[in-house]
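Notes for the structure review
Next come the chains, spelled out residue by residue.
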Amino acid sequence: MHLAYPAVLSALLFCTGLYGVLARRNAILVLMSVELMLNAVNLNLVAFDVWLSRTAEETLHSGQALTLFTIAIAAAEIGIGLAIVLAVHRNRGTADIDKLRDTAEGHESAGGDEPAGADGTGPTAEKAEATA
């Protein structure tokens, strides 16, 4: 088998994962896209390891060893990332990255949660009372 086949497949997997990271709004789908990108890297590591072991006299299989480390790091990353996403979802009620970014920066949501009433009640009036 030529080296080009796994390299092209790896490039397609990596580009799909990159699109998922850039275009998705759900944090769990972003984590899945990162895992897809890591699997593309693993495929490249193993493919180049096999290709280099055919040309080299000594076979160290360093690409396969690096792949095992990458799999271990990916497992730890997905465990910690999923725990963080679940904790944020439990506290905020959403896993939407755009809404979480807005709350982290201190901005209100675009539409506001509740409109100000005619009697001066609402989020703006409550903030004015809190600062006064």
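Residues numbered from 1 in each chain as written. Predicted model: local features only at pLDDT ≥ 70, side-chain atom pairs only at ≥ 80, totals over all residues. Heavy atoms only, no water.

Next up on the list: the environment of Phe-14. With respect to the secondary-structure elements, Phe-14 resides in helix H1 (residues 4-23). Sequence-distant contacts of Phe-14, that is, excluding residues within four places in its chain, are made with Met-37, Ala-40 and Val-41. (Helix = DSSP H or I, 4+ residues; strand = E, 2+ residues; numbered from the N terminus. Contact = heavy atoms within 4.5 Å.)

This part takes up H1. Taking 1.5 Å of rise per residue, 20 residues should cover 28 Å, and H1 covers 28 Å from first to last C-alpha, within 8% of that figure. For H1, the complete set of buried residues consists of Pro-6, Ser-10, Gly-17 and Gly-20. Mapping the buried residues of H1 onto a view down its axis gives an arc of 85°, with all of them on the same face. Within H1, the exposed residues directed more than 90 degrees away from the buried face are Leu-12, Tyr-19 and Leu-22. (Expected span 1.5 Å × (residues − 1). Buried < 20%, exposed > 50% of the residue type's maximum accessible area, 1.4 Å probe, protein only. Arc of directions from axis to C-beta.)

A volume near 170 Å³ is recorded for the second largest pocket. Surrounding the second largest pocket, 13 residues form its lining, Asp-49, Leu-52, His-61, Ser-62 and Gly-63 being those nearest its centre. Where the lining of the second largest pocket is concerned, the elements lending two or more residues are helix H2 (27-55) and helix H3 (62-92). Residue contributions to the lining of the second largest pocket peak at five residues, all from H2. When its residues are assigned to classes, the lining of the second largest pocket shows six nonpolar, five polar and two charged. (1 Å grid on protein atoms, 1.4 Å probe; cavity = no way out; pocket = protein on both sides within 12 Å on 5 of 7 lines; lining within 4 Å. Points joined across faces, edges and corners; volume = space filled by probe spheres on them. Nonpolar A, V, L, I, M, F, W, Y, C, P; charged D, E, K, R; others polar.)

Next up on the list: the packing of H2 against H3. If you want to describe how two helices pack, look at the angle between their axes and the distance between the axes. In the contact formed by H2 and H3, the axes pass within 9 Å of each other and the chain directions differ by 175°. Overall, the two elements H2 and H3 adopt an arrangement that is roughly antiparallel. A breakdown of the residues in the contact of H2 with H3 according to their chemical character gives 14 nonpolar, seven polar and three charged. (Axes fitted to C-alpha atoms, helices over the stretch in contact; angles between N-to-C directions. Parallel < 35°, antiparallel > 145°, perpendicular 65-115°, else oblique.)

A few words on the pattern of salt bridges. Overall, the coordinates contain one salt bridge when judged by the stated rule. When the shortest N-O distance is used, the salt bridge between Asp-98 and Arg-25 registers 3.2 Å. Note that Asp-98 is positioned in helix H4 (residues 97-105) and Arg-25 in the loop between H1 and H2, a separation of 73 residues in sequence. On the accessibility criterion, Asp-98 (26% relative accessible area) is partly exposed. (Salt bridge = Lys/Arg side-chain N within 4 Å of Asp/Glu carboxyl O.)

Bringing the side chain of Asp-49 into the picture now. Structurally, the position occupied by Asp-49 is in helix H2. Leave out the neighbours within four places in its chain, and Asp-49 touches His-61, Ser-62, Gly-63 and Gln-64.

Right, let's talk about a nonpolar patch on the surface for a bit. Taken together, the side chains of Ile-28, Leu-29, Met-32, Leu-82 and Leu-86 present a nonpolar region at the surface, about 410 Å² in accessible area. It is H2 that contributes the most residues to the nonpolar patch, three residues altogether. Position of Ile-28 relative to the elements: it lies in helix H2. Take Ile-28: its relative accessible area is 33%, and that puts it in the partly exposed class. (Patch = residues over 30% accessible without salt bridge, like charges linked within 9 Å, V, L, I, M, F, W, Y side chains within 5 Å. Areas by Shrake-Rupley, 256 points an atom, 1.4 Å probe, with all protein chains shown as cover.)

Here we take up the confidence of the model for the chain. Taken over all residues, the pLDDT of the chain has a mean of 81, while the share at 70 or more is 76%. Looking at the elements of the chain, mean pLDDT is at its lowest for helix H5 (residues 123-131), recorded as 53, and at its highest for H1, recorded as 96. (pLDDT = per-residue confidence, 0-100.)

Attention now moves to the environment of Tyr-5. Within the secondary structure, Tyr-5 sits in helix H1. Separated by 42 residues in the primary sequence, Tyr-5 and Ala-47 have C-alpha atoms spaced 9.3 Å apart.

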